[in-house]
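Per-entry structural report
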Amino acid sequence: MQQLTFELAAPEPPTFANFVAGRNGEVVAILRQLADGTIAETGILLWGGQFSGRTHLLHATVAAARGPSVFHMSAESVPAEPPAPAALVVIDDVQNASAAAQGRLFTLYNALRETGGHLLVAADAPPSRLSLREDIRTRLGWGLIFEIAELADAEKALALAGYARERGVPLTSDVVAWLLAHGRRDMSTLTATLQALDRYSLATKRPITVPLAREWSRQAGDLFGERT
């Protein structure tokens, strides 16, 4: 059963469909346009806290993008030239770029702008507060900038209930309240926990209740990250 718990706790691959937008509906719509190749802006920057979902949205954009010229990379692996004509380059945690990587990023941005490519980056702060070169922050500020707002607890509760309904998982409000009070509160962990609880419920032939969730959390350990 312990192995079963670990195997079933993996989250679904990030997509637009399993991102709970909340107040982020506008940015999801823009990123869908970017994935479809129907947006003119060279640069888009997403910023927010650790559990805001900014990385989820980068992966979702890459997954939805049409065409072969999509490149997802770390800040340190930024090339100085576009990897392909009209490329879409996606970079997470751009605030971690070294001085050398920032130099390549500056050249890359200019090249993408000239060739009709696009740059989608995520960061933990808006351009004005990033510890990057001024010319990098200026160029990132030329494009669209979105703060990814983390869902409020009430929105998370509604999102979990909706997620459960769509998948036919019986879920009561007291279980939702317990999950929000005791575990990690980012939506990717919460939805992964719900998936795991559903499988655990089926394996043990017991309904999903607070005692079952508490039992599962003891076995899951750090995966659930229960708060005391």
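Model, not experiment: these values are computed from the prediction.

1. Focus on the pairing of strand β1 (residues 43-47)
With respect to burial, β1 is a largely interior element, five of its five residues being buried. The alternating pattern of β1 places Gly43, Leu45 and Trp47 on one face and Ile44 and Leu46 on the opposite face, and all of these are buried. Both β1 and strand β4 (residues 118-123) contribute to a ladder of five bridges, which runs parallel. The residue of β4 that forms the bridge with Leu45 is Val121.

2. Comments concerning the layout of surface pockets
In this model, the largest pocket occupies a volume close to 410 Å³. Phe19, Gly53, His56, Met187 and Ser188 are the residues nearest the centre of the largest pocket, which is lined by 24 residues in total. If you list the elements that add at least two residues to the lining of the largest pocket, you get α3 (54-64), α6 (153-166) and α8 (187-204). In terms of residue count, the dominant contributor to the lining of the largest pocket is α8 (four residues). Class assignment for the residues of the lining of the largest pocket results in nine nonpolar, ten polar and five charged.

3. Focus on the confidence of the model for the protein
Taken over all residues, the pLDDT of the protein has a mean of 88, while the share at 70 or more is 92%. Within the protein, no element has a lower average pLDDT than helix α1 (residues 2-8), which sits at 46, and none a higher one than β1, at 98.

4. Section: the environment of Arg32
Here Arg32 is to be found in helix α2 (residues 25-36). On the basis of relative accessibility, which here comes to 41%, the residue Arg32 falls in the partly exposed class. Setting aside its immediate chain neighbours within four residues, Arg32 contacts Phe16 and Ala17.

Definitions and limits used
- Residues numbered from 1 in each chain as written.
- Predicted model: local features only at pLDDT ≥ 70, side-chain atom pairs only at ≥ 80, totals over all residues.
- Heavy atoms only, no water.
- Buried < 20%, exposed > 50% of the residue type's maximum accessible area, 1.4 Å probe, protein only.
- Helix = DSSP H or I, 4+ residues; strand = E, 2+ residues; numbered from the N terminus.
- Pairing = 2+ DSSP bridges.
- 1 Å grid on protein atoms, 1.4 Å probe; cavity = no way out; pocket = protein on both sides within 12 Å on 5 of 7 lines; lining within 4 Å.
- Points joined across faces, edges and corners; volume = space filled by probe spheres on them.
- Nonpolar A, V, L, I, M, F, W, Y, C, P; charged D, E, K, R; others polar.
- pLDDT = per-residue confidence, 0-100.
- Contact = heavy atoms within 4.5 Å.

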